[in-house]
Amino acid sequence: MELIYSYVRDRQLFSRTEFERKHASAVVVSKKLLSAADGETQVVQLLDDALAAAARALRHEAHQYRVLKLAGTVSVGRAAENKLVLADESVSRLHGELRQEDGRIFVGDRASENGTWIIRASRKHRVEADEEVQDGDAVAWGNVRTQIFWPGSLFDFLTTLLDPRAAPGHE
């Protein structure tokens, strides 16, 4: 997973069309877990001055966001060998997977103890068999929530992150 800053910078520099062209694949976005497991520590200082303006534009917790491009099959779990490592006790070692196939994204649970859940429009249901997820759906792996975005929705998410007044329904 990578920090969200390069996406934020591109959101500031490019039009929606240019952004979608540059970031053509779907992504999964998660917030860094507060427990510093596996030697990872919370980011509190920027390493690159070029990203400083983007960082100042973000709300104080935004530095915790991580992005992973979805391509092929992405294993999800607590174990280090997964492509998406979620270091939380509610997540099984091999919890599940995300799979991109023919322009669609599927989520599957691999007999995890705490389940995999799709959260769509205030409705939450447990994944029993591989199931297609939609753009903007949240996926909970145990207690850890991630969100799936195609490029256009990621652009909108970043717009809201940069200026919360841009969120739908904000007056």
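So, on to the layout of surface pockets. Considered as a void within the structure, the second largest pocket measures approximately 160 Å³ in volume. Taken together, V29, S30, K31, Y65, R145, T146, Q147, F149 and F157 form the lining of the second largest pocket. The set of elements that each furnish at least two residues to the lining of the second largest pocket consists of β2 (27-31) and β12 (144-149). The greatest single-element share of the lining of the second largest pocket, amounting to four residues, is contributed by β12. A per-class count over the lining of the second largest pocket returns four nonpolar, three polar and two charged.

The next point concerns the sheet that holds strand β9 (residues 123-126). Backbone-to-backbone hydrogen bonds join strands into a sheet, with any given pair of strands oriented parallel or antiparallel. The strand order across the open sheet formed by seven strands is β1-β3-β2-β12-β11-β8-β9, and the pairing between neighbours is antiparallel. Strand pairing shows two members of the sheet lacking a second neighbour, β1 (2-3) and β9, which therefore form its edges. As defined by bridge partners, strand β11 (residues 138-141) adjoins β12 across four bridges and the pair is classed as antiparallel. Counted as the bridge partner of A138 is Q147 from β12.

What counts as what
- Residues numbered from 1 in each chain as written.
- Predicted model: local features only at pLDDT ≥ 70, side-chain atom pairs only at ≥ 80, totals over all residues.
- Heavy atoms only, no water.
- 1 Å grid on protein atoms, 1.4 Å probe; cavity = no way out; pocket = protein on both sides within 12 Å on 5 of 7 lines; lining within 4 Å.
- Points joined across faces, edges and corners; volume = space filled by probe spheres on them.
- Helix = DSSP H or I, 4+ residues; strand = E, 2+ residues; numbered from the N terminus.
- Nonpolar A, V, L, I, M, F, W, Y, C, P; charged D, E, K, R; others polar.
- Pairing = 2+ DSSP bridges.

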